[in-house]
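Below, each chain spelled out in residue letters.
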Amino acid sequence: MMTPILTTLGFVMHPDGDRVLMVHRIARPGDEQLGKYNGLGGKVEPGEDVVAGMKRELREEAAIEVDAMRLRGTVSWPGFGRHGEDHFGFIFVVDAWHPITDAIPDANEEGPLTWERVDSLDELPMWEGDRYFLPLVFDPEVTQFHGCLPYSDGRPTGWSYSTL
């Protein structure tokens, strides 16, 4: 039986529709994601639902307030954690938002925030497994996806998914 750590992962779309906000995780030397690009998000906290968790993470990491977002899918990551913990992530696309302050900050505690072209994400250094599900996140033909991406020793060992 899985007892996963619940997480959120959000991809904030630029108003031009061609770019997405990513964090380049280079700020903390002990970070297990050091050097990788990723969407924004984190662990769901006790007493909060996944939507509230996603919105909180975006306020904390990018100083933005969500106006509209869509659940694109979920990913189960058995064995993903540093000590083999299972993770289960809710993947969102944020279509409309506004900054809480004058602008999105240049960086957060994990690293610089950058607008990256959706059609070039596969050229960035990222988790090897992200390359399996990212195309589904941005595919307009996919209504929703639900995948399983098992890990062993920091590497994916398979990939399967269903779509709705």
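Residues numbered from 1 in each chain as written. Predicted model: local features only at pLDDT ≥ 70, side-chain atom pairs only at ≥ 80, totals over all residues. Heavy atoms only, no water.

Now for the overall build of the protein chain. Summing up its helical and strand segments, the protein chain has 2 helices and 12 strands in all. Along the chain direction, N to C, the helices and strands of the protein chain fall in the order β-β-β-β-α-β-β-β-β-α-β-β-β-β. In terms of overall dimensions, the protein chain is globule-like: its C-alpha atoms have a radius of gyration of 15 Å, near the 15 Å expected for 164 residues. On the principal axes, the C-alpha backbone points of the protein chain span a range of 45 × 40 × 35 Å. The proportion of buried residues among the 164 residues of the protein chain is 48%. Expressed as a percentage of contacts within the protein chain between residues at least 6 apart in sequence, the contacts between residues at least 24 apart total 61%. As presented, the protein chain carries roughly 8400 Å² of accessible surface, and 52% of it is formed by carbon and sulfur atoms. If you average the places of the 14 positive and of the 28 negative side-chain charges in the protein chain, the two averages end up 2 Å apart. (Helix = DSSP H or I, 4+ residues; strand = E, 2+ residues; numbered from the N terminus. Rg over C-alpha atoms; globule rule 2.2 N^0.38 Å. Buried < 20%, exposed > 50% of the residue type's maximum accessible area, 1.4 Å probe, protein only. Contact = heavy atoms within 4.5 Å. Areas by Shrake-Rupley, 256 points an atom, 1.4 Å probe, with all protein chains shown as cover. Lys, Arg positive; Asp, Glu negative; His and termini not counted. Charge placed at Lys NZ, Arg CZ, Asp CG, Glu CD.)

With that out of the way, let us pick up helix α2 (residues 130-137). Among all positions of α2, only D130, F133, L134, L136 and V137 are buried. Seen end-on, α2 carries its buried residues on one side only, within an arc spanning 160°. In this structure, the buried side of α2 is in contact with β1 (5-13), β3 (37-38), β5 (64-77), β6 (87-99), β9 (145-148) and β12 (160-163). (Arc of directions from axis to C-beta.)

With that out of the way, let us pick up the UniProt feature "domain: Nudix hydrolase" (unreviewed entry) in the protein chain. When the UniProt feature table is mapped onto this chain numbering, "domain: Nudix hydrolase" (unreviewed entry) sits at residues 3-139. Span residues 3-139 is 15% helix and 42% strand, its end C-alpha atoms 30 Å apart. (UniProt positions renumbered as here; feature names shortened; annotations may be inferred.)

A word on the packing of aromatic side chains. For the coordinates displayed, the defined rule picks out 10 aromatic pairs. With a centroid separation of 6.2 Å and 35° between ring planes, the pair formed by Y132 and W159 is classed as tilted. One end of the pair, Y132, is in helix α2; the other, W159, is in the loop between β11 (155-156) and β12, and 27 residues separate them in sequence. A relative accessible area of 22% means that W159 is categorised as partly exposed. Taken together, the ring pairs connect W77, F80, W127, F133 and Y151 into an aromatic cluster. (Phe/Tyr/Trp six-rings, centres within 6.5 Å; stacked < 30°, edge-to-face > 60°.)

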